[in-house]
Amino acid sequence: MIVIKKRIGIPRSLLYYKYFPLWKTFLEELGVEIVLSDRTNSKIIDIGGRYAIDEICIPLKLYYGHVLNLLEKNIDYLFVPRYVSTTIGTYFCPKFLGLPDMVRGTIDNLPPIIEFEVNMQKRPMYLSAYKLGKVLHKSTWQIKKAYEKAIKDYKYFRQLMVDGLSFKKALNVLNSKNRNFKPKKKIIDYVAKIAIIGHGYNVHDSFINMNLINKLNKMKVNVVTLENLPLEIFKNQTVITNTLENYWGNEEEILSAVNYLFETKDIDGIIFICSFCCGPDSLIDEIMARDAKKLKIPYIGLVLDEHSGQAGVITRVEAFVDMIVRKKNNIRIIYKKPTMPIGIINKSEKEVGAEF
Amino acid sequence: MKVTFPHMGNCWPAFKVLCTGVGAEVYLPDPNNVKQLDAGLKHSPEWVCFPFKVTLSNFIEALDEGVDNLVMATDCGPCRFGFYYAVQERILRDLGYDFKMYYLPQGDLLDFKWIKLLKALSEDKSLLNYFRIFRTARLFLMKSQLIQTVEKLEGKIRCYEVNKGDTTHTLNKCIQLIDDANTFNELNKLRKRIKNEFDKIEINKRDNNEILKVGLSGEIQVTLDPFVNHDIKRKLGELGCEVHMNLSLYDWIKHKFHVNFHRKYLEYLNKSQKNIGGLQMDIGGEAFWVMGEYIDYAQRGFDGFVHIYPFTCMPEITAKSILTKWYGNKYFDIPPIFFGFDEHSGEAGLITRLESYVDLLKNKKEKKNNGNGRK
């Protein structure tokens, strides 16, 4: 008997960059074929921008683009979960809460939407997964087995990222089914260690952020993303003032990561990436910038939208890296080579300059 | 103890009695104006929503006048409002002001955390104080209800007035009357008085077919504050529209006490439109309200719908993106118009857009009535 697998389309956008490994294993175990949209390209931004209203933030515009891209791929179901909260005491941004409604309301000729609520305030994650399994008409036993495997895979995936892999590489390792993979630690002489903090869909989508991570790597900068930090730091809820606890899901991670970096000071600078019109980030950015100023840690906020010229962003990042390198070297000049004549460029600076 | 709170349109008498009722002295900031706003803009984050900037400018003005106790409301929801007081406190402290920030938790008023605020504001610590607190709360509710009455009447009557400006004059007079009354008896009498005041306005009752019925809805601070929304209600009224606005402070408070049945009806309307994208859960802000009212007005046969919100407001943008497509796909026959407000709004642009919108509505109505529109 030939079993025709149902094709479920998952847009490569928003929380794909966080929970995709989980749902991938879960759905594949349940015997479903997963269809992903193309990697973000200028065409996707174009059609997405045409469908979305002008004021919405760029990740949402891209989401529309990815959904429309999926519609061309002959899918049976569209996977749009409603993420409400994934840890107790936090919510996602209102646009996430209304995402299935927005997709349903704005795009015509949609295939049936797989919509289920992920809401840790009301029910634990496995019940949400159970609901999803029941939509696909699977037995409870099958769902239980699939979910256990999915959680195992997701934990392995997170561990890979903590060990220092990027999202793309970790996903490749997960796909290769080789569970004994151990990342090699490359020893490169880097000029600075910079953390790129931001939402997963901005940091790991190399089209939105104009391949920032690669560009920084080329400048011999050691890049740390939020997922590379140890898992324990994300356990406690962050506090804004003594009367207010943070209540945004994505920002929770960002704030804990930044607080950790501020405490350890094991970092030369922080680049905060956020999209224009992002509501939570407008306030979080302010808080972090003020904290960084107090602690004298170099901090830059990059605001991205679909109009960002590549040159402008790159110039700003280059200047930022330059500034950090100079700051480091100046200290060396003062203490080690006090008599160096003006005009002779420091050696490590020259190396960086050659890259530009 | 001298206390101040930010402005929200004509709601200041209600907030004022909340502070004076428990024995605190109130400093009322000047009504929002451009000069005051400058200070707020200077120190607030770049693309935070507009109410943040306006309220911050109110606080700065009050602190410059020597007030050292600020009161700010806060919410629990996924919208930015819950962060306002904390970030504002941080900004003001960094500016070097010395003050105490009180916050009014109104995420769920049935948890009675607001009593803590009122207790903190009053210097009297005896048990008798509880009577005063509940008396104050009742005064607050009555005043906000009266303000709601006044604002609803204002929107409905302005398009009929003979002498331009009568309604605005009566509105200001009524708000002052509400502020002056401080006992239950006086406030009860005011109910009739307000209706009489509005009856006194000389009106030119026109044919029902001529008048355009427009629903106005949006984010609460923007909808209620005439400075923030460039007095869009008055402008619509002067262009000949009967403006219907359900949103008010009283409505909001009722919702937070879980007794707002009108909102529950709007929720039902939203949920019944699941196939075409009606919201299925409360996503914060006034998105539920706005979308529900749009459906409600469409079913009641209104002519237009004006949606106003602060630029970059998250829930309202979600609502906007669905509403835009609803009219485009002809699910509902009521054209919406959207205004996002920011400090950069030019007034002339707003007027032009409103005029053309009203013209289009008139044309549409004529077509409906006579079978052919203006050429």
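Each value, and the rule that gives it
- In this numbering scheme, every chain counts its residues from 1 along its sequence in written order.
- Numbering of ligands from 1 and lettering of chains from A proceed in the order in which they are written.
- At least 70 in pLDDT is required for a residue's local features to be given in this predicted model, at least 80 for side-chain atom pairs to be given and counted, and no such filter applies to totals for whole chains, interfaces and linings, which use all residues.
- The basis for the side-chain values is all heavy atoms of the structure; hydrogens and waters are excluded.
- Where a domain begins and ends is set by an automatic assignment or by a domain database.
- Contacts are assigned to residue pairs that have any heavy atoms within 4.5 Å of one another.
- When two parts are brought into contact, each loses some accessible area as probed by a 1.4 Å sphere; the total of that loss over both is the buried area.
- Each reported salt bridge corresponds to a side-chain nitrogen of Lys or Arg within 4 Å of a carboxyl oxygen of Asp or Glu.
- The term polar contact refers here to a pair of N or O atoms within 3.5 Å; inside protein, the definition further demands a hydrogen-donor-capable atom paired with an acceptor-capable atom, and it admits residues adjacent in sequence only when both atoms are side-chain atoms.
- Going along the chain from the N terminus, every DSSP run of H or I of four or more residues is numbered as a helix, and every run of E of two or more is numbered as a strand.
- Residues are sorted three ways: Asp, Glu, Lys and Arg are charged, Ala, Val, Leu, Ile, Met, Phe, Trp, Tyr, Cys and Pro are nonpolar, and all the rest, Gly among them, are polar.
- We define the nonpolar core as a collection of buried residues of types Ala, Val, Leu, Ile, Met, Phe, Trp, Tyr and Cys that are connected through side-chain atoms lying within 4.5 Å of one another.
- Note on exposure labels: buried denotes an accessible area under 20% of the residue type's maximum, exposed denotes more than 50%, and partly exposed covers the range between, all computed with a 1.4 Å probe on protein chains only.

The next subject is the domain arrangement of chain B. Note on interface size: it is often stated as the accessible area lost on association of the parts. Residue and element names in this part refer to chain B. In terms of domain boundaries, chain B breaks down into domain 1 (2-121), domain 2 (137-207) and domain 3 (211-375). Distance between the C-alpha centres of domain 1 and domain 3: 27 Å. Opposite the 28 residues of domain 1 that make contact, domain 3 presents 27 residues. With both chains or domains summed, domain 1 and domain 3 bury close to 2200 Å², and 69% of this area falls on carbon and sulfur atoms.

Looking now at the interface of chain B and chain A. Contacts between the two partners involve 44 residues from chain B, matched on the other side by 46 residues from chain A. Carbon and sulfur atoms make up 67% of the surface buried where chain B meets chain A, a total of about 3800 Å² over both sides. Counting the surface chain B buries against chain A, the share from its top three residues, W47, F83 and R90 of chain B, is 21%. Taken together, chain B and chain A are joined by four salt bridges. Here D291 of chain A and R90 of chain B are joined by a salt bridge, their closest N and O atoms 2.8 Å apart. At the surface where chain B touches chain A, the tally comes to 14 residue pairs in polar contact (both at pLDDT 80 or more). Breaking the side of chain B that touches chain A down by element, the ones donating at least two residues are α4 (84-94) and α14 (314-328) of chain B. Of the residues forming the side of chain B that touches chain A, the biggest block, nine residues, is contributed by α14 of chain B. When grouped by side-chain class, the residues that make up the side of chain B that touches chain A number 24 nonpolar, twelve polar and eight charged.

The next point concerns the nonpolar core. Residues W23, F26, L27 and I197 of chain A together with F83 and V306 of chain B are the most contacted members of the largest nonpolar core, which totals 211 residues. Once residues within four sequence positions are removed from consideration, F83 of chain B is found in contact with I240, L244, N246, Y247, W248, L283, I284 and I287 of chain A. Counting 26 residues, the second largest nonpolar core, distinct from the first, contains A192, I194, M219 and V321 of chain A.

A few words now on the domain arrangement of chain A. All names here are of chain A. According to the domain assignment, chain A consists of domain 1 (6-176) and domain 2 (192-355). The straight-line distance from the C-alpha centre of domain 1 to that of domain 2 is 28 Å. On the domain 2 side, the residues contacting the 29 residues of domain 1 number 28 residues. Together, the buried faces of domain 1 and domain 2 total about 2300 Å²; carbon and sulfur atoms form 63% of this surface. Among the residues of domain 1 in contact with domain 2, Y17, I58 and R158 are the three that bury the most area, contributing 23% of the side total. The interface formed by domain 1 and domain 2 includes one salt bridge. Linking domain 1 with domain 2 are seven residue pairs in polar contact (both at pLDDT 80 or more), by the criterion used here. Those elements giving two or more residues to the side of domain 1 that touches domain 2 turn out to be α1 (16-29), α2 (42-51), α3 (58-71), α4 (94-97) and α7 (140-162). Residue composition of the side of domain 1 that touches domain 2, grouped by class: 17 nonpolar, seven polar and five charged.

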